[in-house]
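Per-entry structural report
These are the residues of each chain, in order.
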Amino acid sequence: MKKLLLILFVALGAVTAQAQEIKWMTLDEALEAQKKNPKPIFMDVYTDWCGPCKMLDKNTFHDKTVAEYINANYYAVKFNAEGNDAVTYKGKKYSNPNYVAGRKGRNSVHEFTLFLKVRAYPSMMVFDEKGNVKEPIIGYHTPDQLMEVLKAKS
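Read on for a plain summary of the structure. Worth saying up front: this structure is predicted, and the values here are computed from it rather than measured. (Residues numbered from 1 in each chain as written. Predicted model: local features only at pLDDT ≥ 70, side-chain atom pairs only at ≥ 80, totals over all residues. Heavy atoms only, no water.)

1. Focus on the side chain of Gln 34
If you trace the backbone, Gln 34 turns up in helix α2 (residues 27–36). Within the structure, Gln 34 has its side chain in polar contact with the backbone oxygen of Glu 129 (distance 3.4 Å). Among residues more than four places away in sequence, those in contact with Gln 34 are Lys 39, Pro 40, Ile 41, Tyr 75, Asp 128, Glu 129, Lys 130 and Gly 131. (Helix = DSSP H or I, 4+ residues; strand = E, 2+ residues; numbered from the N terminus. Polar contact = N/O pair within 3.5 Å; in protein donor to acceptor, adjacent residues only side chain to side chain. Contact = heavy atoms within 4.5 Å.)

Have a look at this one:
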């Protein structure tokens, strides 16, 4: 009986935790979704080696209020600023030709990161309903700080 209750408790906890997560997609998926249902895009521009990026992901993006707000009002995109994924934006393809697979620490900067003029990590980019880039949100933000900024941009 105790094992059954423990399993049930763990399962319910997993469902609750999952409900608090942001539904991330690629930029290409978000731009395609905008064609059917226009709404802004929220993009987390991060790197694997960035400590504040990891804090933002763990503390802010897993906050229930933040996750619900972003899921309801934006298409959410997670973009590795030094990754190898190709991106097509406004008819132009961006890549990372100098990317080194398996490299530890810093890697080559993605062409789309350069296009966005990212100055620091983490940066969060907001695109309007037509896919046009608006001003960035730079640096680590607590859940309350990010909510304040996002609501001001609405």
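Anyway, onward from the coordinates.
2. Here's the deal with the sheet that holds strand β1 (residues 24–25)
The strand order β1-β3-β2-β6-β7 describes an open sheet built from five strands, whose pairing is mixed. Edge strands, defined here as strands with exactly one partner in the open sheet, are β1 and β7 (133–138). Where strand β2 (residues 41–46) meets strand β6 (residues 123–127), five bridges bridge the pair, whose relative direction is antiparallel. Opposite Met 43, over in β6, you have Met 125 as the bridge partner. (Pairing = 2+ DSSP bridges.)

3. Digging into the environment of Met 124
Along the chain, the position of Met 124 falls in strand β6. Distance in space between the C-alpha atoms of Met 124 and Asp 44 is 4.6 Å, their sequence separation being 80 residues. Here Met 124 is in contact with Phe 42, Met 43, Asp 44, Leu 56, Phe 61, Pro 136, Ile 137, Gly 139, His 141 and Leu 146, once residues within four sequence places are set aside.

4. Looking at the pattern of salt bridges
With the rule as written, the count across this model stands at four salt bridges. Its salt-bridge partner being Lys 78, residue Asp 44 comes within 2.5 Å of it at the nearest N-O pair. In this pair, Asp 44 sits in strand β2 while Lys 78 sits in strand β3 (residues 75–80), placing the two residues 34 residues apart along the sequence. Exposure remark for Asp 44: the relative accessible area of 1% places this residue in the buried category. Note that Glu 68 and Lys 64 form a salt bridge whose closest N and O atoms lie 3.7 Å from each other. Residue Glu 68 and its partner Lys 64 are located together in helix α4 (residues 64–73), separated by four residues, close to a single helical turn. In this structure Lys 64 comes out as partly exposed when scored by relative accessible area, which is 44%. Via salt bridges that share partners, Asp 44, Asp 57 and Lys 78 belong to a single interconnected network. (Salt bridge = Lys/Arg side-chain N within 4 Å of Asp/Glu carboxyl O. Buried < 20%, exposed > 50% of the residue type's maximum accessible area, 1.4 Å probe, protein only.)

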